[in-house]
Amino acid sequence: MSDKIFITGGTGMLGVYVANALSDTHCQIVVADRHRFDLSNPKCIYSFIREERPNVILHFAAETDVDLCEREPARAGICNHLATEQIAKAAEACGAWLLYISSSNVFGAEGKISYNELDIPIPTNYYGRSKLNGEEAVKANCPERHLILRAGWMIGGGPGKDHKFVGKIIQQIKNGAAELKAVSDRLGSITYAVQLSEFILWAINQRQTGTFHFASNGTISRFDIARAIGDLLNYRGDIVPVQSSMFPLSAPRPFSEGIKSLYLSTLDESINPGYWKDDLARYIATFQG
Ligand SMILES: NC(=O)c1ccc[n+]([C@@H]2O[C@H](COP(=O)([O-])OP(=O)(O)OC[C@H]3O[C@@H](n4cnc5c(N)ncnc54)[C@H](OP(=O)(O)O)[C@@H]3O)[C@@H](O)[C@H]2O)c1
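Residues numbered from 1 in each chain as written. Predicted model: local features only at pLDDT ≥ 70, side-chain atom pairs only at ≥ 80, totals over all residues. Heavy atoms only, no water.

Student: Just checking my understanding: could you explain the state of the cysteines for this structure?
Tutor: In total, this model carries zero disulfides according to the counting rule given. Of all cysteine sulfurs in the structure, the one in C69 sits closest to C79, which takes part in no disulfide; the separation is 7.9 Å. (Disulfide = S-S within 2.5 Å.)

This is the structure we're talking about:
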C-alpha cells in the first residue's frame, strides 16, 4: 500500500487502532485535529480535503454522544450529516475512495430482533437519523467509490482507555463490587474495533465498495455481555438484570438494534467477525496479564 490516506476521527476509539495499523505500511497518513478540521464547521472541510488531495478518506469522526444528539439535534445534523456531505463531495472531486462508518442505530423503529443489509433503516433517535443522512449523502455525492460499514455496539480501547460499558463492568469487578446491574430489555450486536480495523485495512487494499454490516454473530443485551465478562473473569458476585427504565436517558433506544450481514461472508471468510462470546473474550484477554 502506498496511498495518501486522510483519517477523520483519528483520535477516537476506532481511529487509533486503524492509524496504528496503517503506521506499519508505506502509506502517507494525514490525521487532522479539531483545530484544522471541525465537523461543526462544514464550510472548511471541502477546501481542507481539496488541498490535501488524499486518494483514500477514512471518515470516522462523528458526534457519537447519542444523548447529546437528542438534546441538540441541529448539532447532530451538522456534524454527522452536513460534514459527511462535504467530505463525500471532496472525495468525489479528488477521485478518492471513501469509507464511512455508520451505525446499527439507523435501525430500530420496526421492532425486529435483527436487521440485515436488505432492511430499510428507520431510526428511533436523532443520532441514528443523522448517521443515516450521512450514509445517504455519501451515496449521493461519491456514488462510485464508497464503502459504508454499519457497526454495532463498538467495544475497544483497552485498559485505562475503555470508559464504556465493558470497561466499566471490568472496573467494577476489579473494585470488588458485590453486585453488578445491567440492562436486559434492550438488544444489540457487538463490534470489536480491532477486528473492524483489520477489515478496514483489507477493504482499503481491495477498494471494496457497497454497504455491509460488520458485527459479531448474536443479538444480545448488556446483561448478556456482563454475564459473559463475569464468567471470563471468574466473578463471584451477583449480576442482576434490570429494565432500561432504571437508567433514564435523553435519547430513546430501540428494543433491538441487532445487525447481521447477508453479504460479508461472500468477501473473505478470514476477515469476518465470529461468535460474540469469542470476540468479547479476545478483547477481555487484552485486560489480563
Ligand atoms: N462507539 C460505538 O459504539 C459506535 C457504534 C457504531 C458506529 N460508530 C461510529 O464509528 C465511528 C467511530 O466511533 P468511535 O467510537 O471510534 O468514536 P469516538 O471514540 O467517540 O471518537 C470520535 C472521534 O470524532 C472526533 N470528533 C468528534 N467531534 C468532532 C468535531 N466536531 N470535529 C472534528 N472531529 C470530531 C473526535 O475527536 P476528539 O478526539 O477531538 O474528540 C474523535 O476522534 C463514528 O462515526 C461512530 O458514529 C460508533
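Student: Would you mind going over the site of the ligand with me for this structure?
Tutor: What surrounds the ligand is a group of 24 residues, the closest being T11, R34, T64, Y127 and K131. T11 has a polar side-chain atom sitting 2.5 Å from an oxygen atom of the ligand. L14 is positioned such that a nitrogen or oxygen atom in its backbone is 2.9 Å from an oxygen atom of the ligand. Contact with the protein chains covers 82% of the free accessible surface of the ligand, which is 910 Å². Those elements that place two or more of their residues in the shell around the ligand are helix 1 (13-22), strand 4 (97-103), helix 5 (126-141) and strand 7 (153-155). (Near = heavy atom within 4 Å. Polar contact = N/O pair within 3.5 Å; in protein donor to acceptor, adjacent residues only side chain to side chain. Areas by Shrake-Rupley, 256 points an atom, 1.4 Å probe, with all protein chains shown as cover. Helix = DSSP H or I, 4+ residues; strand = E, 2+ residues; numbered from the N terminus.)

Student: What should I look at first to understand the packing of helix 8 (residues 222-232) against helix 9 (residues 276-285) in this one?
Tutor: How two helices pack is summed up by the angle between their axes together with the distance between the axes. Following both chains from N to C, one finds helix 8 and helix 9 inclined at 55°, their axes separated by 10 Å at the closest point. Overall, the two elements helix 8 and helix 9 adopt an arrangement that is oblique. Taken as a pair, helix 8 and helix 9 cross one another with a handedness that is right-handed. Mapping the contact onto sequence places D224, I225, A228, I229 and L232 in helix 8 and W276, K277, L280, A281 and I284 in helix 9. Of the residues that constitute the contact of helix 8 with helix 9, the class distribution is eight nonpolar, no polar and two charged. (Axes fitted to C-alpha atoms, helices over the stretch in contact; angles between N-to-C directions. Parallel < 35°, antiparallel > 145°, perpendicular 65-115°, else oblique. Left-handed = near helix turned anticlockwise from the far one by under 90°. Contact = heavy atoms within 4.5 Å. Nonpolar A, V, L, I, M, F, W, Y, C, P; charged D, E, K, R; others polar.)

Student: Got a minute to help me understand the side chain of K131 in this structure?
Tutor: Within the secondary structure, K131 is located in helix 5. Although K131 lies buried, it forms no salt bridge, and the closest oppositely charged side chain, E135, sits 8.0 Å away as judged by the N-O distance. Within the structure, K131 has its side chain in polar contact with the backbone oxygen of I101 (distance 2.9 Å). Not counting residues up to four positions away in its chain, the partners in contact with K131 are A62, N80, Y100, I101, S102, S103 and V106. (Buried < 20%, exposed > 50% of the residue type's maximum accessible area, 1.4 Å probe, protein only. Lys, Arg positive; Asp, Glu negative; His and termini not counted. Salt bridge = Lys/Arg side-chain N within 4 Å of Asp/Glu carboxyl O.)

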